[in-house]
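Working through the structure, step by step
Letter by letter, the chains look like this.
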Amino acid sequence: MWRFAPSEEWQDFALDRVHFGDACAATQLEVAKDIVADAGYDIDPEAACRIKEDVYVDDGLTGGTLEQVSRFVGNKTSDGTYDGTFQ
């Protein structure tokens, strides 16, 4: 609830996004990542397993050889970043 001045009526506002600091954000992200990993298992079983077993929220423990890791780099864009597509 909020009002912009003491003379105004109270208004109800609601959020339709999970914010980074919300207590449930990490749990919701973990559930979503597991669902996506399961859905993509047929495309890349190794990546799906690493997403489920080696990553918590945005902290990853996984790695690999240069050849294994380089397939996740994607295409370099004009601003020097990568677009995240698989090679």
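Refer to the structure presented above.
What counts as what
Residues numbered from 1 in each chain as written. Predicted model: local features only at pLDDT ≥ 70, side-chain atom pairs only at ≥ 80, totals over all residues. Heavy atoms only, no water. Salt bridge = Lys/Arg side-chain N within 4 Å of Asp/Glu carboxyl O. Helix = DSSP H or I, 4+ residues; strand = E, 2+ residues; numbered from the N terminus. Buried < 20%, exposed > 50% of the residue type's maximum accessible area, 1.4 Å probe, protein only. Polar contact = N/O pair within 3.5 Å; in protein donor to acceptor, adjacent residues only side chain to side chain. Patch = residues over 30% accessible without salt bridge, like charges linked within 9 Å, V, L, I, M, F, W, Y side chains within 5 Å. Areas by Shrake-Rupley, 256 points an atom, 1.4 Å probe, with all protein chains shown as cover. Axes fitted to C-alpha atoms, helices over the stretch in contact; angles between N-to-C directions. Parallel < 35°, antiparallel > 145°, perpendicular 65-115°, else oblique. Left-handed = near helix turned anticlockwise from the far one by under 90°. Contact = heavy atoms within 4.5 Å. Phe/Tyr/Trp six-rings, centres within 6.5 Å; stacked < 30°, edge-to-face > 60°.

**Overview of the pattern of salt bridges**
- Considering all chains together, one arrives at three salt bridges under this definition.
- We note a salt bridge from Lys-33 to Glu-30, for which the minimum N-O separation is 3.1 Å. Of this pair, Lys-33 and Glu-30 both sit in helix α1 (residues 25-39), three residues apart, which is roughly one turn of that helix.
- Taking relative accessible area as the criterion, Lys-33 reaches 15% and is therefore assigned buried.
- The class of Glu-30 is buried, set by a relative accessible area of 16%.
- Between Lys-52 and Asp-38 there is a salt bridge, and its shortest N-O distance comes to 2.7 Å. Taken together, the residues Lys-52 in helix α2 (residues 45-54) and Asp-38 in helix α1 connect sequence positions 14 residues apart.
- Owing to a relative accessible area of 48%, Asp-38 belongs among the partly exposed residues under this scheme.

**Some thoughts on the side chain of Asp-44**
- Looking at the secondary structure, you find Asp-44 in the loop between α1 and α2.
- Within the structure, Asp-44 has its side chain in polar contact with the backbone nitrogen of Ala-47 (distance 3.1 Å).

**Some points on a nonpolar patch on the surface**
- Together, Trp-2, Phe-4 and Phe-13 give the surface a local cluster of nonpolar side chains, amounting to about 410 Å² of exposed area.
- Relative to the helices and strands, Phe-13 resides in the segment before α1.

**Let's talk about the packing of α1 against α2**
- Across the interface, α1 lies against α2 with an axial gap of 8 Å and an inter-helix angle of 160°. On the basis of their axis angle, the class for α1 and α2 is roughly antiparallel. For α1 against α2, the interelement crossing comes out left-handed. Here Lys-33, Asp-34, Ala-37 and Asp-38 of α1 lie close against α2, whose contacting residues are Ala-48, Ile-51 and Lys-52.

**As for the packing of aromatic side chains**
- A complete count under the given rule lists two aromatic pairs for this structure.
- On the basis of an interplanar angle of 75° and a centroid distance of 6.3 Å, the ring pair of Trp-2 and Phe-4 is categorised as edge-to-face.
- Under the relative-accessibility criterion, Trp-2 is labelled partly exposed at 49%.
- Plain terms: the ring middles of Phe-4 and Phe-13 are 6.4 Å apart, the flat faces sit at 90° to each other, and that makes the pair edge-to-face.
- Judged by relative accessible area, Phe-4 falls into the exposed class, the value being 58%.
- Put simply, the rings of Trp-2, Phe-4 and Phe-13 touch in pairs and so form one group of aromatic residues.

Treat this as a map of the structure, not an account of what it does.
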